Amino acid sequence: MSDVTEADAIRSVIATMQAAWNRGDFHGYMAGFANPDVIFVSRGRIQKDWQATLDHYIADYGGAPGSQGQLAFTNIRVEMLAPDAAQLISDYRLVRAAGNQTGVNTRLMRKRGGQWVIALNHVSQIEDRS
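Residues numbered from 1 in each chain as written. Predicted model: local features only at pLDDT ≥ 70, side-chain atom pairs only at ≥ 80, totals over all residues. Heavy atoms only, no water.

**Details of the overall build of the chain**
Rule in force here: A run of DSSP states H or I qualifies as a helix once it reaches four residues; a run of E qualifies as a strand once it reaches two. Both are numbered from the N-terminal end. Taken over C-alpha atoms, the radius of gyration is set against a globule rule of 2.2 Å times the number of residues to the power 0.38. Only protein chains enter the calculation, and the probe is 1.4 Å; a residue is then buried if its accessible area is under 20% of its type maximum, exposed if over 50%, and partly exposed in between. By definition, residues are in contact when any of their heavy atoms lie within 4.5 Å.
Within the chain one finds 3 helices and 6 strands. The helix and strand sequence of the chain, counted from the amino end, reads α-α-β-β-α-β-β-β-β. For 130 residues, the compact-globule estimate of 2.2 N^0.38 gives 14 Å, and the chain sits close to it at 14 Å. Projected onto the principal axes, the alpha-carbon positions of the chain cover approximately 40 × 30 × 25 Å. Within the span of the chain, comprising 130 residues, buried residues form 38% of the whole. Considering only intrachain contacts with a sequence separation of at least 6, the fraction spanning at least 24 residues in the chain is 49%.

**Digging into the sheet that holds strand β3 (residues 70-82)**
Spelled out, the test is: A strand pair is defined by DSSP finding two or more bridges across the two strands.
Strand order in the open sheet formed by 6 strands is β2-β1-β6-β5-β4-β3, and the pairing between neighbours is mixed. The open sheet has two free edges, formed respectively by β2 (45-46) and β3, since each of these has just one partner strand. Bridge count for β3 against strand β4 (residues 85-95) is 10 bridges, and the pairing is antiparallel. The residue bridging glutamate 79 from the neighbouring strand is glutamine 87, located in β4.

**Some remarks on the packing of aromatic side chains**
The condition that has to hold: Stacked, tilted and edge-to-face are the three classes applied to pairs of Phe, Tyr and Trp rings, where Trp contributes its six-membered ring and a pair requires centres within 6.5 Å; stacked means planes under 30 degrees apart, edge-to-face means over 60, and tilted covers the rest.
Scanning the model with the defined rule gives 9 aromatic pairs in all. Ring plane angle 85 degrees and centroid distance 5.4 Å describe the contact between tyrosine 29 and tyrosine 57, whose orientation is recorded as edge-to-face. You can see tyrosine 29 sitting in helix α2 (residues 26-30) and its partner tyrosine 57 sitting in helix α3 (residues 50-61), a full 28 residues away along the chain. Each member of the pair, tyrosine 29 together with tyrosine 57, is buried. Within the aromatic cluster, the residues linked to one another by ring pairs are Trp21, Phe26, Tyr29, Phe33, Phe40, Tyr57 and Tyr61.

**Overview of the pattern of salt bridges**
Under the convention used in this document: Each reported salt bridge corresponds to a side-chain nitrogen of Lys or Arg within 4 Å of a carboxyl oxygen of Asp or Glu.
This model, assessed by the stated rule, comprises 5 salt bridges. Linking arginine 43 and aspartate 60 is a salt bridge whose minimum nitrogen-to-oxygen distance equals 3.1 Å. Taken together, the positions of arginine 43 in the loop between β1 (39-42) and β2 and aspartate 60 in helix α3 put the pair 17 residues apart, joining distant regions of the chain. Residue class for aspartate 60 comes out partly exposed when judged on its relative accessible area of 31%. Across the pair arginine 110 and aspartate 84 runs a salt bridge whose closest N-O atoms are separated by 3.1 Å. Taken together, the residues arginine 110 in strand β5 (residues 101-112) and aspartate 84 in the loop between β3 and β4 connect sequence positions 26 residues apart.

**Description of the environment of threonine 16**
Turning to its location among the elements, threonine 16 is positioned in helix α1 (residues 3-22). Residue threonine 16 is classed as partly exposed on the basis of its relative accessible area of 48%.

**Things to note about the nonpolar core**
As a rule of thumb, soluble globular proteins bury nonpolar side chains together. Let me state the cut-off plainly: The set of buried Ala, Val, Leu, Ile, Met, Phe, Trp, Tyr and Cys residues whose side-chain atoms join them within 4.5 Å is what this entry labels a nonpolar core.
If you look at the biggest cluster of nonpolar residues, it comprises 29 residues, and the most contacted ones within it are Trp21, Tyr29, Phe33 and Tyr57. Taken together, the elements giving at least two residues each to this core come down to α1, α2, α3, β3, β4 and β6 (115-125). With 6 residues, α1 is the largest single contributor of residues to this core. If near-sequence neighbours (up to four positions away) are discounted, phenylalanine 33 is found in contact with Met17, Val38, Phe40, Trp50, Tyr57, Val117, Ile118 and Asn121.

Below, the structure written as structure tokens:
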């Protein structure tokens, strides 16, 4: 695949994840992450693995139908690092009744078994200073 096609495949993974989140399908969202060895960094902490990340999402966002809110990834930039590795940086916005969140995701994408997955996900949330 050319870099453009690989970048499109990576964007497709992110779009599929976004759609899964927006319908409250946390397992579908997590299908975009390396399992079991994803590294997830958020709130100044490193999560343990895929299951810990899923547990975090369910605990923090899955209280009731629709409580996950609506997630949008925008300004997605993909840089191919190798045939099986890419860097992805994007903005995100989560709109939900419990409070909106905005920030930046930095992701190391790896191609495993012919599929692109997130091997490292770093979330930098913009703090609301109001």
